[in-house]
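Results of the structural survey
In case you want the letters, here they are:
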Amino acid sequence: MAAPKLEDISHPPTEQLNVLHYCIDSNPPWPEAIILAFQHYILMLGTTVMIPTQLVPLMGGSNSDKALVIQTLLFVAGLNTFLQSLFGTRLPTIVGGSFAFVIPVLTIITDPSLLVIEDQNQRFRHTMRAIQGALIASSSLQIILGYSQLWGICSRFFSPLGMVPVISLVGYGLFERGFPQLGKCVEIGLPMLLIFIAFAQYLKHNYMRHLPIFERFALLICVALLWAYAHLLTASGAYKHGSQLAKVHCRTDQSHLLSSTRWIKLPYPFQWGAPTFDASHIFGMMAAVLVSQIESTGAYIAASRLASATPPPAYVLSRGIGWQGIGILLDGLFGTGTGSTVSVENVGLLGITRVGSRRVVQIAAGFMIFFSILGKFGALFASIPFPIFAALYCVLFGLVGAIGLSFLQFTNMNSMRNLFIIGVSLFLGLSISQYFNEFAVAHLVQSATSLANSVEPQAFHGPVHTRATWFNDFLNTIFTSAPTIALLIAVFLDNTLGVVKAKKDRGMPWWVKFRTFKGDSRNEEFYTLPFNLNKFFPPT
């Protein structure tokens, strides 16, 4: 029997995914594009609602304050998404609220000068204004790194090998928002997970009028079914005598958003008052800005692959980071209570639907702005129980992580050097961040318990605990981010271990042409600015 040929047992590397129905520059028909955009809007609501729900009560805010913060975060997310897709990287990415800012925000919330304010509404407003000041000042870091092209210069040290752990942990590093959250309401979360996989994968070849309806709209169909099921359980009194955990995570009437939200409300800058500035708050917030920058870089590269585009050149990455800095500035001006980053779950949705169209994301930005102004309608969708979103995250975060692993095809994985770098950076990225995150989670639980007992929350203490709170926040924030740790370790090892001899093993012959805007002819097609703006802002 003849030995099998190499081409029969291996797969050649593929620069662009060829399994997408619509790539970055191709557009679905308008009705289909609008429904796909609405899916992106529904998906990003999970994080948009969860962050204010956790933080606003700790700040002394009421349900109406929480509703307004959610509206503001949704409104600014719509603006940032539209600006990023039009003038930034031009990739089909949703820009929303970021958990990277939670630690510096917690430090501001527990600042002794704010805790002494007895009136809860006044404490909320003063705390929000302090957060605004920190966001406005720290946003300058991303703006400078982006528009000065410094981040593009830093990206010269990146390689396919070094980016694998970063992109992978952008997805896998969020595992605590998957099944651990789903498990808080198994009777809703588990059916959602199983039905979503069944619709998106096993039934994806079923067509209706030449449209793979289950593959394209699996998220919308499954969310509608399980949301109705959850509402039925709530209305029938299934949780009337249940535990407090079940009431919080399973019921559809626990957010109190519908009753607290105005019919029409247009968020505007400085709606909470004039921002206040404190140096220690600003330095602590700068760490979160760095983390969001690194996580977004990994998400941009993943999105480029799922949009069938080339990896974004250094100039485009810097341009995107500059606009993301402006996004954080807008967060500070409007008062969203947190900063911005690329929504990882929406990047994963590009792969599930196999639609990487830029137009779809821009329409989704319109939905965000529209429903943030029409508060009651937005609050209705925001009442979806979080375990439904957690079930989606189990699939979507995993897909983004797998996109990171797919870059291994451009490297030599028979090299012990490469195996060492990948293994160590992946493991330490997960292990170190888990150690630091345990402190943050414990503090949130402790603060929620204190709030329930009408006791002021205690100051946040992470593993790094010195008298300098800004130094504590800086290191505690950096080391809670798995992608950030992975980037520091992988890029350092990749550029110090036998670099000269390992150029081909690292994947540099393939990667180097994407470093510059004119290094590959396809870059101009994917990343050129609209309205002939490249004439006035030429790529450098």
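Everything discussed here concerns the structure shown above.
Given the structure is predicted, the values throughout are model-derived calculations rather than measurements.

1. Points about the overall build of the chain
Along the backbone of the chain there are 24 helices and two strands. Relative to the compact-globule value of 24 Å for 540 residues, the chain shows a C-alpha radius of gyration of 23 Å, a close match. In terms of principal-axis extent, the alpha carbons of the chain reach across some 75 × 55 × 50 Å. Taking all 540 residues of the chain together, the buried fraction comes to 58%. Looking at the chain alone, contacts between residues at least 24 apart form 84% of all its contacts between residues at least 6 apart.

2. Considerations on helix α10 (residues 186-202)
Compared with an ideal rise of 1.5 Å per residue, which puts 17 residues at 24 Å, α10 spans 22 Å between its outermost C-alpha atoms and is within 8% of the ideal. Turning to α10, its buried residues number three or more, namely Ile188, Gly189, Met192, Leu193, Phe196, Phe199 and Ala200. When α10 is viewed along its axis, its buried side chains cluster within an angular range of 150 degrees and face the same direction. Seen from the open side of α10, the exposed residues pointing more than 90 degrees away from its buried face are Leu194 and Tyr202. Turning to α10, the residues buried within the fold contact α9 (179-182), α11 (213-235), α12 (244-250), α16 (344-353) and α19 (386-406).

3. Overview of the state of the cysteines
Per the stated rule, a full pass over the model turns up one disulfide. A sulfur-sulfur distance of 2.0 Å marks the disulfide that ties cysteine 185 to cysteine 250. Disulfide cysteine 185 to cysteine 250: torsion about the S-S bond roughly 130 degrees, handedness right-handed. Note that cysteine 185 is positioned in the loop between α9 and α10 and cysteine 250 in helix α12, a separation of 65 residues in sequence. Summarising the burial analysis for this pair, cysteine 185 and cysteine 250 share the class buried.

4. Quick word on the nonpolar core
Among the nonpolar cores identified, the biggest contains 109 residues, and Tyr41, Ile42, Ile188 and Phe407 are the most heavily contacted of them. With twelve residues, the single largest contributor to this core is α19. Apart from the residues within four sequence positions on either side, isoleucine 188 is in contact with Leu226, Tyr229, Ala230, Leu233, Tyr239, Cys250 and Ile388. Met59, Val105, Ile108 and Leu114 belong to the second largest nonpolar core, which has 30 residues in total.

5. Looking at the packing of helix α8 (residues 160-172) against helix α14 (residues 279-306)
In a pair of packed helices, the angle between the axes and the distance between the axes together describe the arrangement. Interaxial distance between α8 and α14 falls to 9 Å at its minimum, and their mutual angle equals 95 degrees. The angle between α8 and α14 falls in the class roughly perpendicular. Every residue of α14 that contacts α8 at Met163, Val166, Ile167 and Val170 is listed here: Ile294, Glu295, Gly298, Ala299, Ile301 and Ala302. Residues belonging to the contact of α8 with α14 are distributed by class as follows: eight nonpolar, one polar and one charged.

6. Comments concerning a nonpolar patch on the surface
A cluster of nonpolar side chains, contributed by Tyr172, Phe175, Leu405 and Leu430, occupies part of the molecular surface with about 310 Å² of accessible area. Taking the relative accessible area as the measure of exposure, phenylalanine 175 reaches 41% and is therefore partly exposed.

7. Quick word on the side chain of threonine 93
Positionally, threonine 93 belongs in the loop between α3 (63-87) and β1 (95-97). Setting aside chain neighbours within four positions, we find threonine 93 in contact with Thr81, Gln84, Tyr300, Ala303, Val342, Val347 and Val361.

8. Quick word on the pattern of salt bridges
The tally for this structure, following the rule as stated, stands at six salt bridges. Between arginine 354 and glutamate 215 there is a salt bridge; the shortest N-O distance is 2.8 Å. Taken together, the positions of arginine 354 in the loop between α16 and α17 (358-373) and glutamate 215 in helix α11 put the pair 139 residues apart, joining distant regions of the chain. Connected through salt bridges with shared partners, the residues Arg417, Asp494 and Arg506 form a single ionic network.

9. Here's the deal with empty space enclosed by the protein
One pass over the full model with this rule turns up four cavities of 30 Å³ or more. Its volume calculated, the largest cavity comes out at about 90 Å³. In terms of lining, the largest cavity is formed by 13 residues, of which the most central are Ile70, Gln71, Gly375, Gly378 and Ala379. Within the residue set of the lining of the largest cavity, elements represented by two or more residues are α3, α17 and α18 (375-381). It is α3 that provides the largest number of residues to the lining of the largest cavity, a total of four residues. Among the residues forming the lining of the largest cavity, the class breakdown is eight nonpolar, five polar and no charged. When its volume is computed, the second largest cavity comes out at roughly 50 Å³. Together, Asn80, Leu83, Gln84, Val95, Trp323, Gln324 and Gly327 line the second largest cavity.

Criteria and cut-off values
Residues numbered from 1 in each chain as written. Predicted model: local features only at pLDDT ≥ 70, side-chain atom pairs only at ≥ 80, totals over all residues. Heavy atoms only, no water. Helix = DSSP H or I, 4+ residues; strand = E, 2+ residues; numbered from the N terminus. Rg over C-alpha atoms; globule rule 2.2 N^0.38 Å. Buried < 20%, exposed > 50% of the residue type's maximum accessible area, 1.4 Å probe, protein only. Contact = heavy atoms within 4.5 Å. Expected span 1.5 Å × (residues − 1). Arc of directions from axis to C-beta. Disulfide = S-S within 2.5 Å. Core = buried A, V, L, I, M, F, W, Y, C linked by side-chain atoms within 4.5 Å. Axes fitted to C-alpha atoms, helices over the stretch in contact; angles between N-to-C directions. Parallel < 35°, antiparallel > 145°, perpendicular 65-115°, else oblique. Nonpolar A, V, L, I, M, F, W, Y, C, P; charged D, E, K, R; others polar. Patch = residues over 30% accessible without salt bridge, like charges linked within 9 Å, V, L, I, M, F, W, Y side chains within 5 Å. Areas by Shrake-Rupley, 256 points an atom, 1.4 Å probe, with all protein chains shown as cover. Salt bridge = Lys/Arg side-chain N within 4 Å of Asp/Glu carboxyl O. 1 Å grid on protein atoms, 1.4 Å probe; cavity = no way out; pocket = protein on both sides within 12 Å on 5 of 7 lines; lining within 4 Å. Points joined across faces, edges and corners; volume = space filled by probe spheres on them.

So yeah, pure geometry; function would need other evidence.
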